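Inside the fold
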Amino acid sequence: QVQLVESGGRSVQAGGSLRLSCVASGQSLERYAMGWFRRAPGNEREFVAGVAWHGGGGIYYGDFVKGRFTFSRDTSKNTVFLQMNDLKSDDTAVYFCAATTTIADLRRANIEYWGQGTQVTVSL
(Lines give C-alpha, C1' and ligand atoms only; values in the text may rest on other atoms or scores of the structure.)
Protein backbone atom coordinates (compact mmCIF):
# COMPACT_ATOMS: atom_id res chain seq x y z
CA GLN A 1 0.00 0.00 0.00
CA VAL A 2 1.25 3.45 -0.99
CA GLN A 3 -0.21 6.81 -0.04
CA LEU A 4 0.59 9.91 -2.12
CA VAL A 5 0.14 13.50 -0.95
CA GLU A 6 0.70 16.40 -3.36
CA SER A 7 1.37 20.00 -2.44
CA GLY A 8 2.49 23.24 -4.03
CA GLY A 9 -0.38 24.07 -6.35
CA ARG A 10 -1.57 27.68 -6.35
CA SER A 11 -2.41 30.61 -8.57
CA VAL A 12 0.48 32.19 -10.43
CA GLN A 13 0.99 34.78 -13.16
CA ALA A 14 1.84 33.64 -16.67
CA GLY A 15 5.58 33.34 -17.01
CA GLY A 16 6.01 32.45 -13.36
CA SER A 17 7.19 29.25 -11.73
CA LEU A 18 5.94 26.65 -9.28
CA ARG A 19 7.36 23.53 -7.71
CA LEU A 20 4.96 20.71 -6.94
CA SER A 21 5.86 18.05 -4.40
CA CYS A 22 4.51 14.56 -3.79
CA VAL A 23 5.39 12.64 -0.65
CA ALA A 24 4.87 8.88 -0.69
CA SER A 25 4.40 6.72 2.37
CA GLY A 26 3.76 3.07 2.98
CA GLN A 27 5.64 0.23 1.34
CA SER A 28 9.02 0.62 -0.30
CA LEU A 29 9.04 2.47 -3.62
CA GLU A 30 12.05 0.66 -5.02
CA ARG A 31 9.99 -1.40 -7.46
CA TYR A 32 7.70 1.47 -8.52
CA ALA A 33 7.56 4.17 -11.13
CA MET A 34 6.29 7.60 -10.08
CA GLY A 35 5.26 10.67 -11.95
CA TRP A 36 2.72 13.37 -12.71
CA PHE A 37 -0.47 13.70 -14.73
CA ARG A 38 -2.72 16.68 -15.24
CA ARG A 39 -6.35 17.25 -16.16
CA ALA A 40 -7.98 20.50 -17.19
CA PRO A 41 -11.77 20.93 -17.30
CA GLY A 42 -13.10 19.56 -20.56
CA ASN A 43 -9.76 17.97 -21.47
CA GLU A 44 -8.46 14.44 -21.25
CA ARG A 45 -5.95 13.52 -18.60
CA GLU A 46 -2.42 13.79 -19.94
CA PHE A 47 0.95 12.50 -18.87
CA VAL A 48 3.38 15.16 -17.66
CA ALA A 49 6.55 13.42 -16.44
CA GLY A 50 7.73 10.31 -14.67
CA VAL A 51 10.50 7.83 -13.95
CA ALA A 52 11.21 4.46 -12.38
CA TRP A 53 12.07 5.06 -8.76
CA HIS A 54 15.83 4.83 -9.16
CA GLY A 55 15.78 6.38 -12.60
CA GLY A 56 17.73 3.74 -14.48
CA GLY A 57 15.48 4.03 -17.51
CA GLY A 58 15.59 7.82 -17.71
CA ILE A 59 12.97 10.49 -17.22
CA TYR A 60 10.03 10.71 -19.61
CA TYR A 61 8.11 13.89 -20.36
CA GLY A 62 4.88 14.65 -22.13
CA ASP A 63 5.28 16.20 -25.54
CA PHE A 64 3.91 19.56 -24.43
CA VAL A 65 6.62 20.11 -21.81
CA LYS A 66 9.36 21.17 -24.27
CA GLY A 67 11.94 21.99 -21.62
CA ARG A 68 9.73 24.07 -19.32
CA PHE A 69 9.14 21.40 -16.68
CA THR A 70 11.72 19.35 -14.80
CA PHE A 71 11.02 16.17 -12.86
CA SER A 72 13.23 15.23 -9.91
CA ARG A 73 13.15 13.07 -6.81
CA ASP A 74 14.62 12.77 -3.35
CA THR A 75 14.82 9.07 -2.62
CA SER A 76 15.76 9.59 1.03
CA LYS A 77 12.47 11.44 1.59
CA ASN A 78 10.29 9.34 -0.73
CA THR A 79 9.42 12.55 -2.54
CA VAL A 80 9.12 13.56 -6.18
CA PHE A 81 8.99 17.10 -7.54
CA LEU A 82 7.80 18.88 -10.63
CA GLN A 83 9.54 22.19 -11.28
CA MET A 84 7.34 24.21 -13.61
CA ASN A 85 8.84 27.27 -15.32
CA ASP A 86 7.48 29.77 -17.82
CA LEU A 87 3.94 28.78 -16.96
CA LYS A 88 1.22 29.44 -19.51
CA SER A 89 -2.54 29.67 -19.24
CA ASP A 90 -2.83 26.25 -20.89
CA ASP A 91 -0.99 24.77 -17.92
CA THR A 92 -4.01 25.46 -15.71
CA ALA A 93 -5.15 22.06 -14.46
CA VAL A 94 -5.35 19.73 -11.51
CA TYR A 95 -2.02 17.96 -11.22
CA PHE A 96 -1.97 14.41 -9.87
CA CYS A 97 0.87 12.36 -8.48
CA ALA A 98 0.80 8.70 -9.49
CA ALA A 99 2.65 5.48 -8.75
CA THR A 100 2.59 2.12 -10.44
CA THR A 101 4.80 -0.87 -11.11
CA THR A 102 6.70 0.15 -14.27
CA ILE A 103 7.45 3.28 -16.25
CA ALA A 104 5.64 1.73 -19.20
CA ASP A 105 2.49 1.36 -17.11
CA LEU A 106 2.91 4.90 -15.82
CA ARG A 107 3.05 6.32 -19.33
CA ARG A 108 -0.03 4.28 -20.28
CA ALA A 109 -1.87 5.60 -17.20
CA ASN A 110 -2.22 2.08 -15.81
CA ILE A 111 -1.94 3.44 -12.29
CA GLU A 112 -2.04 1.59 -9.00
CA TYR A 113 -1.98 4.62 -6.68
CA TRP A 114 -3.19 8.19 -7.23
CA GLY A 115 -2.77 11.28 -5.12
CA GLN A 116 -5.71 13.58 -4.48
CA GLY A 117 -4.54 16.29 -6.89
CA THR A 118 -3.38 19.87 -6.47
CA GLN A 119 -4.79 22.82 -8.40
CA VAL A 120 -2.52 24.98 -10.54
CA THR A 121 -4.06 28.14 -11.96
CA VAL A 122 -2.10 30.36 -14.34
CA SER A 123 -3.49 33.83 -14.93
CA LEU A 124 -2.68 36.18 -17.79
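Residues numbered from 1 in each chain as written. Predicted model: local features only at pLDDT ≥ 70, side-chain atom pairs only at ≥ 80, totals over all residues. Heavy atoms only, no water.

**Considering the state of the cysteines**
Counted according to the given criterion, the structure contains one disulfide. Through a disulfide, C22 is tied to C97; the S-S separation comes to 2.1 Å. Torsion about the S-S bond of the C22 and C97 cystine: about -85°, corresponding to left-handed handedness. Taken together, the residues span a long stretch of sequence, with C22 in strand β3 (residues 18-26) and C97 in strand β9 (residues 93-100) at a distance of 75 residues. The class for C97 is buried, based on a relative accessible area of 0%. (Disulfide = S-S within 2.5 Å. Helix = DSSP H or I, 4+ residues; strand = E, 2+ residues; numbered from the N terminus. Buried < 20%, exposed > 50% of the residue type's maximum accessible area, 1.4 Å probe, protein only.)

**Overview of the packing of aromatic side chains**
Scanning all chains against the criterion turns up five aromatic pairs. Between F64 and F69, the aromatic rings sit 6.0 Å apart at their centres with planes inclined by 85°, giving edge-to-face as the arrangement. With relative accessibility at 3%, the residue F69 sits in the buried group. Taken together, the aromatic side chains of F37, F47, F96 and W114 make up a single cluster linked through ring pairs. Across the ring face of F64, the terminal group of R38 is positioned such that the distance to the ring centre comes to 3.7 Å. (Phe/Tyr/Trp six-rings, centres within 6.5 Å; stacked < 30°, edge-to-face > 60°. Lys NZ or Arg CZ within 6 Å of the ring centre and 35° of its normal.)

**Thoughts on unusual backbone geometry**
In this structure, N78 is a non-glycine residue whose phi angle is positive, near 50°. Inspection of the secondary structure puts N78 in the loop between β7 (69-74) and β8 (79-84). Within the chain, D86 stands out as a residue other than glycine whose phi angle is a positive 50°. Here D86 lies in the loop between β8 and β9.

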